[in-house]
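# A look at the structure
Residue-level listing of the chains:
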Amino acid sequence: MIGLGQFQDFCAVAATIRDSRALAGLMAEITREMGFRYYALVHHIDLKPAVSSVHIVDYPPDWVERFQAHRLYASDPIHRASHRTNVGFAWSAVQSLITLSAADRSILAEAHDAGLGDGFTVPAHIPGEVNGSCSFAMGSGDVLDQRQLPLVQLIGSFAFEAARRLSRQTQAPCEGPSLTERQAECVALVARGKTDWEISQILGIGQETVIQHVKDARDRYGVTKRTLLAIRALFDGQISFADVFGR
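If you check an unreviewed UniProt entry, the protein chain appears there as LuxR family transcriptional regulator from Novosphingobium colocasiae.

As structure tokens, then:
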């Protein structure tokens, strides 16, 4: 089980990683520390050499081979369930998100036979991009620790953003969004979990002004969620970890 300190350390390292091999090593380490055995960072598409996509997977080799051979990235029930929510979910609760067909149950049974037990998937939905996710899996027969799932959710979000950043390095460089000084101040306080009213009191501006600054920042990044806005701004360097966790 991990704590806030390990989460902060993971985020600081993930933000500076420059290649997928280093990220895979970091993922393997945090996966073990959280009590999981396997992890997968993927876009939900069939892999093709011409497509720049996220694919960093440490699942049992036999299952990975079958998954790819049968092109299950879009039809896998866990992936499909992740398209129905913005928050992480335990695999044991998948039936609360989608209706499982006989084919779905067969896929889940085969995954279990390959050594995958219960797991936790964090969806990654970015407007204009293919859906993706970060999943952590127990071994068959292992018990999922529900107490740490809020931190697992955050780890998964930051991990996918790190993988996404690496995958985009192969594309033509483009200028990213830029926040104004006041927008960056508001986003940093959003990342600290402050409400719009609390931000207005801290910065000495009106609550409606804060709401507009945060909305403008979300629009610049093309995101709808405050958490995703904070993550994107962190990885782009618009705000720093010192801004979020204190100097």
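There's more to say after this.
### Some words on helix H2 (residues 20-33)
Here H2 contains 14 residues, and its C-alpha end-to-end distance of 20 Å stays within 8% of the 20 Å for a straight helix at 1.5 Å per residue. Looking at H2, one finds that the buried residues are Leu23, Leu26, Met27, Ala28, Ile30 and Thr31. Buried residues along H2 sit in contact with helix H1 (4-14), strand S1 (38-43), strand S2 (55-58), strand S5 (132-139) and helix H6 (149-168). The first or second residue beyond H2 is Gly35, which carries a positive phi of 90 degrees.

### Brief notes about the environment of Glu161
With respect to the element layout, Glu161 can be found in helix H6. Classification of Glu161 as buried rests on a relative accessible area of 5%. Linking Glu161 and Ala124, residues 37 residues apart in sequence, is a C-alpha distance of 8.5 Å. In this view, Glu161 contacts Ile126, Ile231, Arg232 and Phe235; residues no more than four positions away in its chain are not counted. Engagement of the side chain of Glu161 in a polar contact is seen with the side chain of Arg164, the distance being 3.0 Å.

### Remarks on the environment of Ser167
Structurally, Ser167 can be placed in helix H6. In this structure, the C-alpha to C-alpha distance between Ser167 and Val54, residues 113 residues apart in sequence, is 5.9 Å.

### A word on the sheet that holds S1
Two modes of strand pairing occur in sheets, parallel and antiparallel, and in both the strands are linked by backbone hydrogen bonds. Taken in spatial order, the five strands line up as S2-S1-S5-S4-S3 in an open sheet, and their pairing is antiparallel. Strand pairing shows two members of the sheet lacking a second neighbour, S2 and strand S3 (89-90), which therefore form its edges. Here four bridges tie S1 to S2, and the two strands are oriented antiparallel to one another. The partner of Ala40 across the bridge, within S2, is Val57.

### Description of the domain arrangement of the protein chain
Domain annotation of the protein chain identifies domain 1 (4-170) and domain 2 (181-245). Taking only C-alpha atoms, the centre of domain 1 and the centre of domain 2 are 27 Å apart. Counting residues at the interface gives 16 residues for domain 1 and nine residues for domain 2. Across the domain 1 to domain 2 interface the summed buried area is about 1100 Å²; carbon plus sulfur atoms make up 78%. Per-residue buried area on domain 1 facing domain 2 is highest for Gln8, Phe158 and Glu161; these three make up 39% of the total on that side. Across the domain 1-domain 2 interface, the total number found is one salt bridge. Connecting domain 1 to domain 2 are zero residue pairs in polar contact (both at pLDDT 80 or more).

Conventions used here
- Residues numbered from 1 in each chain as written.
- Predicted model: local features only at pLDDT ≥ 70, side-chain atom pairs only at ≥ 80, totals over all residues.
- Heavy atoms only, no water.
- Helix = DSSP H or I, 4+ residues; strand = E, 2+ residues; numbered from the N terminus.
- Expected span 1.5 Å × (residues − 1).
- Buried < 20%, exposed > 50% of the residue type's maximum accessible area, 1.4 Å probe, protein only.
- Contact = heavy atoms within 4.5 Å.
- Polar contact = N/O pair within 3.5 Å; in protein donor to acceptor, adjacent residues only side chain to side chain.
- Pairing = 2+ DSSP bridges.
- Domains from an automatic or database assignment.
- Buried area = accessible area lost by both parts, 1.4 Å probe.
- Salt bridge = Lys/Arg side-chain N within 4 Å of Asp/Glu carboxyl O.

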